[in-house]
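One-letter residues, chain by chain:
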Amino acid sequence: MTYLLIGLALCTIIGPAFMLLPSKRQKAQMALRAKARAEGVQVELTRIDDPDPEPGKYTSLTGKPLDPILKCVAYRIPRKRLLDWRKRPMVNWKVVRKHAARSDLLPVDWQWLETAVESLSSQLTTVITTGLPQLPADVVAVEERNYQVSVFWQERGGERDLSAVVQFLQTVIAAPLFEPGEDDATEDDAG
């Protein structure tokens, strides 16, 4: 009986410690994030407004409506600024996945928000529209804000999905934000 009580006490003390260990899925996510950081991508846990909230998903047990906030991970790469970036208007753009959306300019299920498409360069618009179908199905939004291109992803996939996200980010920042002009040198090119 004494040994049983000692064993029970040890299980009570040690048991919660094992619950703190990361699960297999959490370890895989940590490995994906480390690989992304090694490729120069900033990774941040964040919350965004759900662009396509399902009816009834954001309701409390008592029936009270909740804010449609979605937990996801932002994968970001900064864009090199132009030398005259202070003279140019700030251009922030965002596309979100909405299952009922239809657009002539974007693939099915994607919708422009927060910008006039005409303010972006035609090359950037082409890169975005051709790259969106290559992204994993659990990417919910893509945006550029303050010269940071971000992909908001729920990380349900593996390394193949990560490489698609990183490739998309690198392609987007390589495309010019504005239509090419004669004085569009970047800060890094100047010295």
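Residues numbered from 1 in each chain as written. Predicted model: local features only at pLDDT ≥ 70, side-chain atom pairs only at ≥ 80, totals over all residues. Heavy atoms only, no water.

A. How the structure looks around the packing of aromatic side chains. Per the counting criterion, the structure on display carries two aromatic pairs. Measuring from ring centre to ring centre gives 6.3 Å for Trp-93 and Trp-112, while their planes differ by 70°; the resulting arrangement is edge-to-face. Of the two residues, Trp-93 is situated in strand S3 (residues 93–97) and Trp-112 in strand S4 (residues 110–113); the sequence distance between them amounts to 19 residues. Classification of Trp-93 as buried rests on a relative accessible area of 0%. Judged by its relative accessible area of 13%, Trp-112 is buried. (Phe/Tyr/Trp six-rings, centres within 6.5 Å; stacked < 30°, edge-to-face > 60°. Helix = DSSP H or I, 4+ residues; strand = E, 2+ residues; numbered from the N terminus. Buried < 20%, exposed > 50% of the residue type's maximum accessible area, 1.4 Å probe, protein only.)

B. How the structure looks around a nonpolar patch on the surface. A contiguous nonpolar surface patch, about 820 Å² in accessible area, is contributed by Tyr-3, Ile-6, Leu-10, Ile-13, Ile-14, Phe-18 and Leu-21. Topologically, Ile-6 is positioned in helix H1 (residues 2–19). (Patch = residues over 30% accessible without salt bridge, like charges linked within 9 Å, V, L, I, M, F, W, Y side chains within 5 Å. Areas by Shrake-Rupley, 256 points an atom, 1.4 Å probe, with all protein chains shown as cover. Salt bridge = Lys/Arg side-chain N within 4 Å of Asp/Glu carboxyl O.)

C. Inspection of unusual backbone geometry at higher detail. Its identity as a non-glycine residue notwithstanding, Asn-146 has a phi of 55°, on the positive side. According to the relative accessible area criterion, Asn-146 is partly exposed, its value standing at 45%. Positive phi, normally seen in glycine, also occurs at Tyr-147, with a value near 60°. Within the secondary structure layout, Tyr-147 lies in the loop between strand S5 (139–145) and strand S6 (148–153). Owing to a relative accessible area of 6%, Tyr-147 belongs among the buried residues under this scheme.

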